[in-house]
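# Descriptive analysis of the structure
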Amino acid sequence: MLDKLLNESIYNAVFADRSESEVTELRMRAGKPLSFAVKGEYLTADGVIVTYDDIEHTIGMASKHSVYAVNDSIAKGYIVCGEGYRIGLCGEGVMKEGRLFTLKNITSLCLRVPHEIKGCCESIAVIFENLDNTLIISPPGLGKTTMLREAARIVSRRRNVLVLDERGELIPVDGGRICVETGQMCDVASNIPKLIAYETLVRTMRPDVIVTDEVFGEREVRAICDISRCGVKVFASLHAEKLEQVFASEIYRPLCGIMRYFVTIEAVGKVGKLYDKGSGRCLNW
């Protein structure tokens, strides 16, 4: 997929001597050196300066050369294309009737490369034995989405799992085809605003477990708490550096009242703490 999204010179600069599985993110800034992340460390491609043509090529391929067809997504600052690749966009905003209508003159791209890593949840396997509400916490880019993807696969072997994937990157779906392995009892709702999905799909699909990425804002926190009250288990992720920051936040503190397990990630793919509120102790210490 990346060999199609990127101009040949950009692709070769990154992947001539490494596999796609090693790279988690690419940064393309017009007139600046090409950079990319390997295991959380940013590297620069020697002598490669990103051009506007490079950026336009990637946007054209990601939108299948129909930018208007993905304009609603562009107005939110990203494009999701086949197999869960998400491209963040930065440029000049165009306002219409008081709201952001689209972006033009795009100067920067942040291309996140999805990974399916079976076994990445082995260090937190206890949460699958005593299935209960779980919150995964880390700063951006350390592997929350990858871990949630694997958790959804494991849990959906024996429970009805509903994945709420507003941005189409947690369980990638391309043309109606799920692009990663899931259990036989997994349902995926892609590109549906999560607040709408919470209100409708919880009733219509009757899940045992909901899996969702990057909880944001008071309204979503209230929806998750209400879902938990109804008896549905929730696996979710949240941007924060430490569990203490979640407890200290007026907005996110209610999650601490309903979650049993709290998982922090301290480096790319490396679990820091696994805290069980039920027993009041860290299970991996």
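Since the structure is predicted, the reported quantities are computational estimates derived from the model, not experimental observations.

### A closer look at the overall build of the protein chain
- In terms of helices and strands, the protein chain carries 10 helices and 16 strands.
- Scaling as 2.2 N^0.38, a compact globule of 285 residues should have a C-alpha radius of gyration of about 19 Å, and the protein chain matches this with 19 Å.
- Dimensions of the protein chain, computed from C-alpha atoms along their principal axes, come out at roughly 55 × 45 × 40 Å.
- Across the 285 residues in the protein chain, those meeting the buried criterion constitute 48%.
- Sequence separation of 24 or more characterises 60% of the internal contacts of the protein chain that already satisfy a separation of 6 or more.
- For the protein chain, the computed accessible surface area is about 14300 Å², with 50% contributed by carbon and sulfur atoms.

### Re the pattern of salt bridges
- Counted according to the given criterion, the structure contains 17 salt bridges.
- For Asp132, the salt bridge goes to Lys233, with nearest N and O atoms at 3.5 Å. With a gap of 101 residues between them, Asp132 in the loop between α5 (126-129) and β7 (134-138) and Lys233 in strand β13 (residues 233-239) connect regions that are remote in the sequence.
- By relative accessible area, which is 17% here, Asp132 ends up buried.
- A relative accessible area of 27% places Lys233 in the partly exposed class.
- Across the pair Glu220 and Lys194 runs a salt bridge, and its minimum N-O distance is 2.8 Å. Taken together, the positions of Glu220 in helix α8 (residues 218-229) and Lys194 in helix α7 (residues 194-205) put the pair 26 residues apart, joining distant regions of the chain.
- Here Glu220 falls in the buried class, since its relative accessible area comes to 5%.

### Quick look at the environment of Ile10
- Residue position: Ile10 is located in helix α2 (residues 8-15).
- Taking C-alpha positions, Ile10 is 8.8 Å from Ala45, a pair spaced 35 residues apart along the chain.
- When sequence neighbours within four positions are dropped, the list of residues in contact with Ile10 reads Leu34, Val48, Val50 and Asp54.

### Some details on the UniProt feature "domain: Stage III sporulation protein AA AAA+ ATPase" (unreviewed entry) in the protein chain
- Listed under "domain: Stage III sporulation protein AA AAA+ ATPase" (unreviewed entry) in the UniProt record, and renumbered for this structure, are residues 20-256.
- Taken end to end, residues 20-256 comprises 27% helix and 35% strand; its first and last C-alpha atoms sit 37 Å apart.

### Side note on the nonpolar core
- Counting 32 residues, the largest nonpolar core has Leu2, Leu6, Leu89 and Leu111 as the members making the most contacts within it.
- If we skip the residues at most four places from it in the chain, Leu6 touches Tyr11, Phe15, Leu26, Met28, His57, Thr58 and Leu111.
- Counting 28 residues, the second largest nonpolar core, distinct from the first, contains Leu135, Val221, Ala223 and Tyr252.

### Details of α7
- With 12 residues, α7 should reach 16 Å at 1.5 Å per residue; the first-to-last C-alpha distance of 15 Å falls well below that figure.
- Among the residues of α7, Lys194, Ala197, Tyr198, Leu201 and Val202 are the ones counted as buried. One side of α7 holds all its buried residues, which, seen down the axis, span an arc of 115°. Summarising the geometry of α7, the exposed residues directed more than 90 degrees from the buried face are Arg203 and Thr204.
- Buried residues belonging to α7 abut β8 (161-165), β11 (186-190), β12 (209-212) and α8.
- Directly beyond the C-terminal end of α7, a positive phi value near 45° is found at Arg206.

### Considerations on unusual backbone geometry
- Phi is positive for Asn105, which is not a glycine, with a value near 50°.
- By the secondary structure assignment, Asn105 is in strand β6 (residues 99-112).
- Take Asn105: its relative accessible area is 52%, and that puts it in the exposed class.
- Residue Asn191 is not a glycine yet carries a positive backbone phi of 60°.
- Here Asn191 is to be found in the loop between β11 and α7.
- Taking relative accessible area as the criterion, Asn191 reaches 52% and is therefore assigned exposed.

Reading the values: the criteria
Residues numbered from 1 in each chain as written. Predicted model: local features only at pLDDT ≥ 70, side-chain atom pairs only at ≥ 80, totals over all residues. Heavy atoms only, no water. Helix = DSSP H or I, 4+ residues; strand = E, 2+ residues; numbered from the N terminus. Rg over C-alpha atoms; globule rule 2.2 N^0.38 Å. Buried < 20%, exposed > 50% of the residue type's maximum accessible area, 1.4 Å probe, protein only. Contact = heavy atoms within 4.5 Å. Areas by Shrake-Rupley, 256 points an atom, 1.4 Å probe, with all protein chains shown as cover. Salt bridge = Lys/Arg side-chain N within 4 Å of Asp/Glu carboxyl O. UniProt positions renumbered as here; feature names shortened; annotations may be inferred. Core = buried A, V, L, I, M, F, W, Y, C linked by side-chain atoms within 4.5 Å. Expected span 1.5 Å × (residues − 1). Arc of directions from axis to C-beta.

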